[in-house]
Amino acid sequence: MSAALESLIARAEALLDRLQPLLPAPLTPPDWAASRAFRARRRQGRLLLEPVRQVSRIRLQDLQEVDAQKERLLRNTAQFVAGRPANNVLLTGAKGTGKSSLIKAVLNEFADRGLRLIEVDKADLVDLPDLIELVAGRPERFVVFCDDLSFDEGEASYKALKSVLDGSVAAAGDNVVVYATSNRRHLLPEKMVDNLAGTHGEHGEIHPGEAVEEKISLSERFGLWISFYPFSQNEYLAIVGQWLRHFGLDDGAVEAARQDALIWALERGSRSGRVAYQFARDCAGRME
């Protein structure tokens, strides 16, 4: 080997050594016994799974006026934990109605039977295949939780999630399902221009139906859709009463708080379960 070639190889190896710290490190497993829930977080360009030290303790009985939604998610999760076929789930609808809370309550319901949750931000969904490979073969059952999910067109994370849900050669293992919440049923913004794409002008879409289908193709990959709706006044007051009793108030105090609860909702412009919980915290705190 000539001296020039040896020098070139040495320089290339030195360059690789300098680049090595800049390359993304492989995803390493966390201490699986440290928690029932984990967060995927990017630290200095590296994706890590961090145990959640204080997991939400919300239980299924804490969630009122969503019995139909509760029953559907509970049934699907029970199938999944038992090793039977189950679906990826998209929970959509009005804000503050308990979509995220229901997923956390289901985790607490089945944690003793091996259910674990991994929360992944939208921006980190591009690493979802690596995460699925990491948990493959584990005895636990994993829910990948994506909260408040929505996309702008062309995002890489949109395509990554779409491939994992359906259509990728490397499909998710049978110990992983994806549970996502969103205020948008189709996860992508729908614009008036989509309805104009079939015009015969110079810039019109030749096949407008295909453009519309692309908009809904991701949400259709979720096998189960669970919809949430705004609460009526009576449903809102029932949730307020449930949370006030949770904080230790008696029936007389609950009845006395009805008018204040309605004013609170009017000021907030919403009768959601979240608003009911916030009122109950404020009311219980003042009474104490």
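Structure's up top.
First, a word on what this report is: a plain description of the structure on this page. Counting starts from 1 at the beginning of each chain's written sequence and moves along it residue by residue. Selection of residues for local features in this predicted model requires a pLDDT of at least 70, selection of side-chain atom pairs for listing and counting requires 80 or more, and totals for whole chains, interfaces and linings are taken over all residues. To get the side-chain values, all heavy atoms of the structure are used, and hydrogens and water are removed first.

Here we take up the overall build of the chain. Within the chain, the secondary structure is distributed over eleven helices and seven strands. Partly exposed residues are those whose accessible area sits between 20% and 50% of the maximum for their type, while under 20% is buried and over 50% is exposed, using a 1.4 Å probe and protein chains only. Counting only residues that meet the buried cut, the chain has 41% of its 288 residues in that class. Taken as a whole, the chain presents about 16,600 Å² of accessible surface, with 49% of it coming from carbon and sulfur. Counting from the N terminus, the helices are the DSSP runs of H or I reaching at least four residues and the strands are the DSSP runs of E reaching at least two. The method behind every accessible area is Shrake-Rupley, applied with a 1.4 Å probe, and residues are considered shielded solely by the protein chains displayed.

A general trend in soluble globular proteins is that nonpolar side chains are found buried together. In this text, buried Ala, Val, Leu, Ile, Met, Phe, Trp, Tyr and Cys residues form a nonpolar core when linked through side-chain atoms within 4.5 Å. Leu-73, Leu-91, Leu-102, Leu-115, Tyr-236, Leu-244 and Phe-279 are the most contacted members of the largest nonpolar core, which has 45 residues in total. If we ignore the near neighbours within four places in the chain, the residues touching Leu-244 are Leu-249, Val-254, Ala-257, Phe-279, Ala-280 and Cys-283. By size, the runner-up hydrophobic cluster in this structure holds 28 residues, among which are Ala-40, Leu-128, Leu-131 and Phe-222. Pairs of residues are marked as contacts when any of their non-hydrogen atoms sit within 4.5 Å.

On to the packing of aromatic side chains, then. Stacked, tilted and edge-to-face pairs are distinguished by plane angle, under 30 degrees for stacked and over 60 for edge-to-face with tilted covering the rest, among Phe, Tyr and Trp rings (Trp via its six-membered ring) whose centres lie within 6.5 Å. Summed over the entire model, instances satisfying the criterion amount to six aromatic pairs. On the numbers, 5.7 Å between centres and 65° between planes, the contact of Trp-264 with Phe-279 is edge-to-face. Linking Trp-264 in helix 10 (residues 258-268) with Phe-279 in helix 11 (residues 273-287), this pair joins segments that are 15 residues apart in sequence. Only when the NZ of Lys or the CZ of Arg is both within 6 Å of the ring centre and within 35 degrees of the ring normal is a charge said to sit over the ring. For the cation-ring pair, Arg-141 lies above Phe-80, with the distance from its terminal atom to the ring centre recorded as 4.7 Å.

Attention now goes to the pattern of salt bridges. We define a salt bridge as a side-chain nitrogen of Lys or Arg found within 4 Å of a carboxyl oxygen belonging to Asp or Glu. One pass over the full model with this rule turns up nine salt bridges. Put simply, Asp-251 and Arg-245 hold a salt bridge, and the shortest N to O gap is 2.9 Å. Taking relative accessible area as the criterion, Asp-251 reaches 53% and is therefore assigned exposed. Notably, a salt bridge pairs Glu-255 with Arg-258, separated by 3.8 Å at the nearest N-O pair. A residue is classified by how much of its surface remains accessible, and Arg-258, at 37% relative accessible area, is partly exposed.

Once that is clear, we can look at the sheet that holds strand 3 (residues 89-93). If you walk across this open sheet you meet the seven strands as 2-1-4-5-6-3-7, and the pairing is mixed. The sheet is open, and its two edges are formed by strand 2 (46-51) and strand 7 (224-228), each paired on a single side. Direction aside, neighbouring strands of the sheet carry axes that sit 25° apart on average. For two strands to count as paired, DSSP must find a minimum of two bridges between them. Examined bridge by bridge, strand 3 and strand 6 (residues 176-182) share four bridges and lie parallel to one another. For Leu-90, the partnering residue across the bridge sits in strand 6 and is Ala-180. Here an angle of 0 to 180 degrees is reported between the N-to-C directions of two axes, which are lines fitted to C-alpha atoms, with helices fitted over the stretch in contact. Taken strand by strand, helix 2 (residues 67-81) contacts strand 3, strand 4 (115-120), strand 5 (141-146), strand 6 and strand 7, and its axis lies near 150° from that of strand 7.

Attention shifts here to the packing of helix 10 against helix 11. In the contact formed by helix 10 and helix 11, the axes pass within 10 Å of each other and the chain directions differ by 125°. Between helix 10 and helix 11, the interaxial angle falls into the category oblique. Viewed along their axes, helix 10 and helix 11 form a crossing whose handedness is right-handed. When helix 10 is examined against helix 11, the residues Asp-260, Ala-261, Trp-264, Ala-265 and Arg-268 are found in contact with a partner set consisting of Val-275, Gln-278, Phe-279 and Asp-282. Classifying every residue of the contact of helix 10 with helix 11 by side-chain character gives five nonpolar, one polar and three charged. Any angle from 65 to 115 degrees is called roughly perpendicular, while one under 35 is roughly parallel, one over 145 is roughly antiparallel, and all others are oblique. Crossing handedness is read from the near helix: turned anticlockwise from the far helix by less than a right angle, it gives a left-handed crossing, and turned clockwise, a right-handed one. All amino acids are sorted into three groups, where Ala, Val, Leu, Ile, Met, Phe, Trp, Tyr, Cys and Pro are nonpolar, Asp, Glu, Lys and Arg are charged, and the leftover types, Gly among them, are polar.

Residues Leu-128, Leu-131, Ile-132, Leu-134 and Val-135 constitute the buried set of helix 4 (residues 128-135). One side of helix 4 carries all its buried residues, which in axial view fall inside an arc of 155°. Backbone geometry just downstream of helix 4 places Gly-137 in the positive-phi region, at approximately 90°. Directions pointing from the helix axis toward each C-beta atom define the arc.

Right, let's talk about helix 8 (residues 233-246) for a bit. One less than the number of residues in a helix, times 1.5 Å, gives the span that helix is expected to have. Taking 1.5 Å per residue as the helical rise, helix 8 with its 14 residues ought to reach 20 Å, and the 20 Å between its terminal C-alpha atoms agrees with that figure. Three or more residues of helix 8 are buried, namely Tyr-236, Leu-237, Ile-239, Val-240, Gly-241, Gln-242, Trp-243 and Leu-244. Residues of helix 8 that are buried make contact with helix 9 (251-256), helix 10 and helix 11. Gly-248 lies just past helix 8 and shows a positive phi near 100°.

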